[in-house]
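# Coordinate inspection notes
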Number of protein chains: 2
Amino acid sequence: MNDRILRAVRREKADATPVWFMRQAGRALPRYRELRAEAGMFEILRDPEAAAEITTMPLEYFPVDACVLYNDLSTPFFGAGLQVEMRPGVGPVVDRLIRSPADVDTLRPYDPRVEMKYIMDQITLLTKRIDVPVLGFVGAPFTLCSYLISGPGSRNQEETKTFMWREPEAWNRLAGFWAEHSADFGIAQYEAGAGAVQVFDSWAGYLGVEDYDRYVLPHMHTIFNRLRAAGVPTINFLTGNPALLPLMAEAGGEVIGVDWRIPIDQAWKIVGDNRGVQGNLDPVLLLAGRDRAIEGARAILDRVEGRPGHIFNVGHGLLPGTDPDVLKAVTDFVHEYTAVRG
Amino acid sequence: MNDRILRAVRREKADATPVWFMRQAGRALPRYRELRAEAGMFEILRDPEAAAEITTMPLEYFPVDACVLYNDLSTPFFGAGLQVEMRPGVGPVVDRLIRSPADVDTLRPYDPRVEMKYIMDQITLLTKRIDVPVLGFVGAPFTLCSYLISGPGSRNQEETKTFMWREPEAWNRLAGFWAEHSADFGIAQYEAGAGAVQVFDSWAGYLGVEDYDRYVLPHMHTIFNRLRAAGVPTINFLTGNPALLPLMAEAGGEVIGVDWRIPIDQAWKIVGDNRGVQGNLDPVLLLAGRDRAIEGARAILDRVEGRPGHIFNVGHGLLPGTDPDVLKAVTDFVHEYTAVRG
């Protein structure tokens with residue numbers, strides 16, 4: 001079993017720096033594009049065998065050190081009684097947006113072990129099949145609330161922020177609902193065999209420090225406290241605002257995921273010695289050709305200086321048009337470059 | 001003459017903290033919306049009388065301490081021989097994007113005093129007509145290059161970044177072209193009567209620190225060195241990445257414009273005592289009702305503690321749907337709250 005990722009989460013030395021790519025099981029892979037799976041994603045997910053095949057697909061192209069589940073942040077919405085449509089190029093669209101405090105009460109509490117059993121079944125299949133850890137993931141409360149209030153891809157998060165400010169009590173009920181359910185879901189994934197669980201806060205970078213502190217941090221505490229109590233190794237990922245790093249570290253996570261906006265050594269200094277750090281490669285670099293991508297990877301590794309606890313990754317999901325050959329070249333480079341030094 | 005803004009630029013005490021709003025002469029004003037001016041913007045701009053009327057329109061709704069020119073970052077593209085169409089909700093679209101080094105050479109050097117005389121004529125008209133300073137503005141090189149390479153509103157700036165990385169020599173010619181022409185244009189606006197000139201870098205927040213340092217900072221130095229040599233008071237504005245603040249301060253600008261992602265006192269500490277600071281109100285707050293907007297304004301003023309050199313503003317342009325009555329309430333609040341303490 002390749003345990004580089006698990007060692008990094010514990011900040012232990014490994015034979016090379018572990019590598020995986022956010023969205024690696026997706027549109028960057030020719031075989032995935034052939035499946036035209038994106039629009040039918042939710043149907044595929046309910047077939048653990050088919051989903052597991054996509055989750056492991058990256059290994060045919062590049063030797064990453066973990067397989068992140070083929071899944072979407074929005075699948076728990078089905079558990080809560082909503083209908084969701086995955087619109088390619090847009091994102092998950094729910095059948096009814098939340099726009100009032102009363103709407104919050106229409107969400108149905110659910111048990112992820114029951115309602116999302118298909119995800120745990122996928123994990124069980126995967127653990128028997130691959131010799132790298134399975135990474136699970138869950139949505140952070142702000143990001144899930146944003147999908148439910150603003151819809152996907154809101155440019156300014158107007159509706160979500162306005163709801164949060166105007167209806168703090170309903171906001172706390174809604175964000176609290178997702179904090180508990182994401183914690184449950186993360187624990188269930190871990191118990192099914194996931195090696196670690198990443199908490200994705202893809203939209204919280206639109207918040208300033210004071211708003212994150214007041215409206216988001218308490219709910220992040222809930223998630224990470226519960227995951228920690230259950231022994232789940234965790235990665236806390238956010239993109240879009242490096243000024244939030246101190247509060248992310250306060251929220252929790254053995255590893256803090258950072259985007260490309262701040263040099264990785266600066267980010268590590270901010271989050272502290274007692275954390276690992278993941279990420280930092282600008283996903284656009286992977287569109288700029290092999291040499292430039294490797295140059296960017298080398299710059300990150302040189303800043304890290306072989307410090308245990310680094311997981312190499314992009315700073316946000318892979319973009320459409322990323323060449324799997326470039327991903328292979330970068331993966332191999334990171335392994336070789338850090339093995340020489342290790 | 002109301003000189004609060006000019007005092008703030010010099011970090012001198014004034015009778016109250018000055019206020020203006022980015023995009024104040026635009027879609028937030030009912031009279032502007034009646035004109036349906038946006039699609040015909042470039043035509044209106046060539047009629048200095050009509051443009052001046054829009055520039056001063058905010059004064060009918062709220063007593064701001066400056067009128068920012070009705071203009072768009074993209075008008076200089078006409079000077080360089082391009083055609084531009086303003087698509088409402090999208091932004092300025094040029095007739096031919098720059099995608100190769102050879103495309104850079106198709107840009108025609110021009111004299112803004114000649115090609116954009118209509119803007120200087122608007123300023124001349126305004127200075128005779130209003131008793132607040134006229135604020136001019138120009139585009140920063142990265143942002144202008146982004147309009148020319150990626151087009152408006154690119155989500156990840158793929159094309160712009162890829163061009164910058166792959167063709168550094170052509171990038172430097174292109175960014176250098178705009179640095180010189182934006183400096184010329186800013187100086188011309190100042191000489192026509194603008195009280196200060198803001199350099200807008202609306203898209204550079206998609207860059208990390210190392211890329212800004214290598215590909216953008218030299219060109220920002222060009223602009224600010226030339227503006228400083230000509231005696232032009234300047235505001236250096238960027239949104240989207242607080243980790244760039246130290247390099248922005250290094251680039252120049254008497255005042256540094258910050259978005260809402262970092263508390264204003266933290267930002268001020270980073271940019272240093274020898275700068276003023278502008279901005280910081282989340283424009284979404286102005287959509288959340290009068291009380292919440294004023295609460296947000298108060299939080300900023302309490303962090304500033306009456307320190308000279310603060311210009312109250314939003315952290316990015318006003319959003320569609322902003323109520324001018326809320327803008328009036330905030331403007332009055334800032335003036336009254338700071339006058340009491342001043």
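So, how was this worked out
- Just so you know, the residues in each chain are numbered from 1, in the order the chain's sequence is written.
- Chain A is the first chain written and ligand 1 is the first ligand written, with later ones labelled in order.
- Given that the model is predicted, a residue must reach a pLDDT of at least 70 before its local features are reported, and side-chain atom pairs must reach 80 or more before they are shown or counted; all residues, however, enter totals for whole chains, interfaces and linings.
- Heavy atoms from the whole structure form the basis of all side-chain values; hydrogens and water molecules are not counted.
- Numbering of helices and strands runs from the N terminus; a helix is a DSSP stretch of H or I covering at least four residues, while a strand is a stretch of E covering at least two.
- Residue exposure (1.4 Å probe, protein chains only): buried if accessible area is under 20% of the type maximum, exposed if over 50%, otherwise partly exposed.
- The criterion used for residue contact is that any of the two residues' heavy atoms lie within 4.5 Å.
- Only residues with pLDDT of at least 70 in both copies count here: their C-alpha atoms drive the least-squares fit that superposes the copies.
- Side-chain atoms alone can form a polar contact between residues adjacent in sequence; in general such a contact is a pair of N or O atoms within 3.5 Å, and within protein one must be able to donate a hydrogen while the other accepts it.
- Between any two strands, at least two bridges found by DSSP are needed for them to pair.
- Helix axes use the C-alpha atoms of the stretch in contact, all axes being lines fitted to C-alpha atoms, and the angles between their N-to-C directions lie in the range 0 to 180 degrees.
- Note: buried area is the sum, over both parts, of the accessible area (probe 1.4 Å) each one loses when the two are combined.
- Salt bridge, as used here, is a side-chain nitrogen of Lys or Arg placed within 4 Å of a carboxyl oxygen of Asp or Glu.
- Nonpolar residues are Ala, Val, Leu, Ile, Met, Phe, Trp, Tyr, Cys and Pro. Charged residues are Asp, Glu, Lys and Arg, and all others, Gly as well, are polar.
- The directions considered for the arc are those from the helix axis to the C-beta atoms.

Of regular secondary structure, chain A possesses 16 helices and nine strands. The principal-axis extents of the C-alpha atoms in chain A amount to approximately 60 × 40 × 35 Å. Sorting the 342 residues of chain A into buried and exposed places 64% on the buried side. A separation threshold of at least 6 residues defines the contact pool for chain A, and within that pool the share at least 24 residues apart is 73%.

This part takes up the relation of the copies chain A and chain B. Rotating chain A by 180° and translating it 0.0 Å along the rotation axis places it on chain B, where the RMSD comes to 0.0 Å. Those values place the two copies in the arrangement expected of a two-fold rotation axis. Comparing contact sets, 100% of the residues at the interface of chain A also lie at the interface in chain B, consistent with an isologous, same-surface contact.

Moving on, we come to the side chain of A:Thr338. Residues and elements named next belong to chain A. Inspection of the secondary structure assignment puts Thr-338 in helix α16 (residues 324-341). What makes Thr-338 buried here is its relative accessible area of 10%. A distance of 3.0 Å separates a polar side-chain atom of Thr-338 from the backbone nitrogen of Thr-17. A polar contact of 3.4 Å, which involves the side chain of Thr-338, links it to the backbone oxygen of His-335. In this view, Thr-338 contacts Ala-16, Thr-17 and Leu-301; residues no more than four positions away in its chain are not counted.

On to the sheet that holds strand β9 (residues 310-311) of chain A, then. Two strands in a sheet stick together by hydrogen bonds in their backbones, pointing the same way (parallel) or opposite ways (antiparallel). Residue and element names in this part refer to chain A. The strand order β1-β4-β5-β6-β7-β8-β9 describes an open sheet built from seven strands, whose pairing is parallel. Each having just a single partner strand, β1 (67-68) and β9 make up the two edges of the open sheet. Note: strand β5 (residues 196-201) against strand β6 (residues 234-238), five bridges, orientation parallel. Within β6, the position partnered with Asp-201 by the bridge is Leu-238. Contacts between helix α14 (residues 264-271) and the sheet are confined to β7 (255-258), β8 (276-279) and β9, with β8 contributing the most and set at about 145° to the helix.

Attention now goes to the pairing of strand β4 (residues 134-139) of chain A. Residues and elements named next belong to chain A. A large share of β4 lies buried, amounting to six of its six residues. The side-chain alternation of β4 yields two buried faces, one formed by Val-134, Gly-136 and Val-138 and the other by Leu-135, Phe-137 and Gly-139. Note that β1 and β4 share two bridges and pair parallel. The partner of Cys-67 across the bridge, within β4, is Val-134. With five bridges connecting them, β4 and β5 associate as parallel partners.

By a widespread convention, an interface's size corresponds to the accessible area lost as its parts come together. Between chain A and chain B, the residue contacts involve 36 residues of the former and 36 residues of the latter. At the boundary of chain A with chain B, total buried surface from both sides reaches about 2800 Å², with 50% on carbon and sulfur atoms. On the chain A side of the contact with chain B, A:Trp165, A:Glu210 and A:Arg261 bury the most area, a combined 21% of that side's loss. The interface formed by chain A and chain B holds six salt bridges in total. Among the salt bridges present, the one from B:Glu295 reaches A:Arg214, with a minimum N-O distance of 3.8 Å. At the surface where chain A touches chain B, the tally comes to 17 residue pairs in polar contact (both at pLDDT 80 or more). Breaking the side of chain A that touches chain B down by element, the ones donating at least two residues are α10 (158-166), α12 (209-229) and α15 (290-304) of chain A. Split by residue class, the side of chain A that touches chain B holds 16 nonpolar, eight polar and 12 charged.

As a further point, take the environment of B:Arg173. All names here are of chain B. Note that Arg-173 resides in helix α11 (residues 168-192). Under the relative-accessibility criterion, Arg-173 is labelled partly exposed at 30%. Residues Arg-173 and Pro-101, spaced 72 residues apart in sequence, show a C-alpha to C-alpha distance of 9.0 Å. Residues contacting Arg-173, with those up to four places away along its chain left out, are Pro-101, Val-104 and Asp-105.

Residues and elements named next belong to chain A. Of the residues making up α14, those classed as buried are Ile-264, Ala-267, Trp-268 and Val-271. Buried residues of α14 fall within an arc of 100° about the axis and therefore sit on the same side. Against the buried residues of α14 lie α13 (245-251), β7, β8, α15 and β9. Gly-272 sits one or two residues past α14 and shows a positive phi near 100°.

Following the sequence through the fold, B:Gly317 ends up in the loop between β9 (310-314) and α16 (324-341). What B:Gly317 contacts, discounting residues up to four positions off in sequence, is B:Met22, B:Arg23 and B:Pro283.

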